[in-house]
Amino acid sequence: MEYKIVLESFEGPMDLLLHLIDEAEIDIYDIPINEITEQYIDYITKMEEMDLEVTSEFLVMASTLLEIKSKMLLPQVDKNDGEQLEMEEADPRLELVKRLVEYKKFKYASRELRNYEEIQKKVFYKPKEDLSIFTKEEEELEQIDIDELVKAFNNILAKSKGKEPLMDIDKIQREEYTLDECMEKIKRKLKYNGKIDFQHLFDNECSRQEIVVTFLSLLELIRMRYVVVYQEENFSDIIIKIRK
Amino acid sequence: MDEREIKAIIEALLFVWGDPLSLNDISKIIEVEEEKVKKILKNMIDEFDFNRRGLKIICLNDNYQLCTRPEHHQWINKLTQEKDIKSLSTAALETLSIIAYKQPITKNEIENIRGVRCDKALDTLQKKGLIEEKGRLERTGRPIIYGTTTEFLRYFGLETLEDLPTLKDFKIEESDIEIKEE
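Report follows, based on the coordinates. This one's a predicted model, so the numbers in the text were calculated from it and none came from an experiment.

Thresholds, definitions, all that
Here the residue numbering is sequential within each chain, running from 1 through the sequence in written order. Chain A is the first chain written and ligand 1 is the first ligand written, with later ones labelled in order. This being a predicted model, a pLDDT of at least 70 is required before a residue's local features are given, and a value of 80 or more before pairs of side-chain atoms are given or counted; all residues contribute to the totals for chains, interfaces and linings. For the side-chain quantities, the full set of heavy atoms in the structure was used; hydrogens and water were omitted. Every helix listed is a DSSP run of H or I at least four residues long, and every strand listed is a run of E at least two residues long, numbered separately from the N terminus. In this scheme, a residue with accessible area under 20% of its type's maximum is buried, one over 50% is exposed, and one in between is partly exposed, where area comes from a 1.4 Å probe on protein chains only. Only the protein chains shown count as cover for residues, and all accessible areas are computed by the Shrake-Rupley method using a 1.4 Å probe. Among the buried residues, those of types Ala, Val, Leu, Ile, Met, Phe, Trp, Tyr and Cys that are joined through side-chain atoms within 4.5 Å form a nonpolar core. Marked domain ranges trace back to an automatic or database domain assignment. The contact criterion used throughout is that any non-hydrogen atoms of two residues lie within 4.5 Å. Following DSSP output, two strands are said to pair if at least two bridges run between them. The rule for a salt bridge is simple: a side-chain nitrogen of Lys or Arg has to be within 4 Å of a carboxyl oxygen of Asp or Glu. A 1.4 Å probe defines the accessible area here, and the buried area is the portion of it lost by two parts on being joined, summed over both. N or O atoms within 3.5 Å of each other form a polar contact, as long as, within protein, one can give a hydrogen and the other can take it, and as long as residues adjacent in sequence are counted only when both atoms are side-chain atoms.

**Things to note about the overall build of chain A**
Across its full length, chain A carries 8 helices and 3 strands. Starting at the N terminus, the α and β elements of chain A follow one another as α-α-α-α-α-α-α-β-α-β-β. Taken over 244 residues, chain A has a buried fraction of 36%. Of the roughly 16300 Å² that chain A leaves accessible, carbon and sulfur atoms contribute 51%.

**Here we look at the nonpolar core**
Of all hydrophobic cores here, the largest spans 28 residues; its most connected members are Leu-88, Leu-96, Ile-99, Leu-125, Phe-152 and Phe-156 of chain B. Elements that contribute at least two residues to this core include exactly helix H5 (94–120) of chain A together with strand E2 (55–60), helix H5 (90–102), helix H6 (107–114), helix H7 (119–127) and helix H8 (150–156) of chain B. A total of 6 residues in this core trace back to one element, the largest contributor, which is H5 of chain B. Domain assignment of the residues forming this core places at least three in each of domain 1 (3–73) and domain 2 (90–176) of chain B. Excluding residues that lie within four positions of it along the chain, Ile-99 of chain B makes contacts with Ile-105, Ile-110, Leu-122, Leu-125, Ile-131, Tyr-146, Gly-147 and Thr-148 of chain B.

**So, the sheet that holds E2 of chain B**
Residues and elements named next belong to chain B. Pairing within the open sheet is antiparallel, and its 3 strands lie in the order E1-E3-E2. Each edge of the sheet is formed by a strand with only one pairing partner; in this case those strands are strand E1 (21–22) and E2. Where E2 meets strand E3 (residues 63–68), 6 bridges bridge the pair, whose relative direction is antiparallel. If you follow Leu-55 over to E3, its bridge partner there is Thr-68.

**Considerations on the pattern of salt bridges**
All chains considered together, the criterion is met by 29 salt bridges over all chains. The residue Asp-30 of chain A makes a salt bridge to Arg-93 of chain A at a minimum N-O spacing of 3.1 Å. One end of the pair, Asp-30 of chain A, is in the loop between helix H1 (13–23) and helix H2 (33–49); the other, Arg-93 of chain A, is in the loop between helix H4 (87–90) and H5, and 63 residues separate them in sequence. On the basis of relative accessible area, Arg-93 of chain A is assigned to the buried category, the value being 11%. Across the pair Glu-133 of chain B and Arg-188 of chain A runs a salt bridge, and its minimum N-O distance is 3.1 Å. Of this pair, Glu-133 of chain B sits in strand E5 (residues 131–136) while Arg-188 of chain A sits in helix H7 (residues 179–193), which puts the two residues in different chains. Arg-188 of chain A sits in the partly exposed class, given a relative accessible area of 25%.

**Brief notes about the interface of chain B and chain A**
With 60 residues of chain B at the contact, the number on the chain A side is 48 residues. Buried surface at the junction of chain B and chain A, summed over both partners, amounts to about 5100 Å²; 60% is from carbon and sulfur atoms. Inspection of the region where chain B meets chain A yields 6 salt bridges. Along the contact surface separating chain B from chain A lie 17 residue pairs in polar contact (both at pLDDT 80 or more). Top contributing element to the side of chain B that touches chain A by residue count: H5 of chain B, with 8 residues.

In short, geometric facts, not functional conclusions.
Given below as structure tokens:
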């Protein structure tokens, strides 16, 4: 007869290790590395038997455990200088313990956030009223002079000047920013308020290439009629808005 | 304009806007300085709570929004067929809490803490608008750095990032072991 063992699912090797440590009720700072390694390897063997995918991360951790285990078997030498050994050298477990403790903190924090989430799921918000009937049509791009956009673009470019060396023409460089990526980025920035100031499209740290590609993506988005750009009045900031 | 009128207008604005409305916008619209608007809004929040109104005003990083109270959920639910609203996966939530406390942070740093790859989780979180790219680090590979959004605050009912639950401090225990080993 076939029977199934229910295996708890873990978020990864750290999660599994923490579980084993909790289960065994041992001090995280004094892990009996022998036992834990054995249990850990047991567990991933079971995973394999059950045709669960054992990702490489689990295997990396297994080898880390084995490495620590073997280091702990080695006699401690080199104390002849009378110098005290660094903690790391003294206890091969320390590095792992540090990582476990760090991970545990966030694991707990995420449980706490889960409670917050449960409460907030019970809250309702009202969608924004459709105010488009009140919007004046002439606010759209058709009313903005393309020169204004180019001027604003030059301002941004001027700001970034001197931040990077002149391009090395001998070498062909890989495209760091693709149009698609930048268009996605603009869309994401627009997602929150539905509009954004032209200046805010660019971080202060923007490279020249990033600026150019972002600007091209903006033009592309305008062409696709995804956004409109407008100005409240002459010389004021240029606003980019999602077209409804 | 007396304060009662101002409050009424703000309530109307929040109702129409639906989304979080910034203090700055409100102040510009009603032509009252921000400091004063902020005080009035604080009063409104208290009054809404005190009178046990069905709606409340929440504040997210100086943005204000109307919403219902969680305790009325069971009644509101009767308007519709009950359905469980999807929660974040454990992986996404773990990733998100690391970002929340350690932002700005790169993908690599998150993965070092979690010990697993986080591409999928990051993608989900970004699609849900809970995190966003905050720029790039000026070092090899120019890795993207991530941070949380205002939507993140709303999603968990926090006013600012300072309202995050305090990380359990393990430092005391750490000093413990040193004593033990001596």
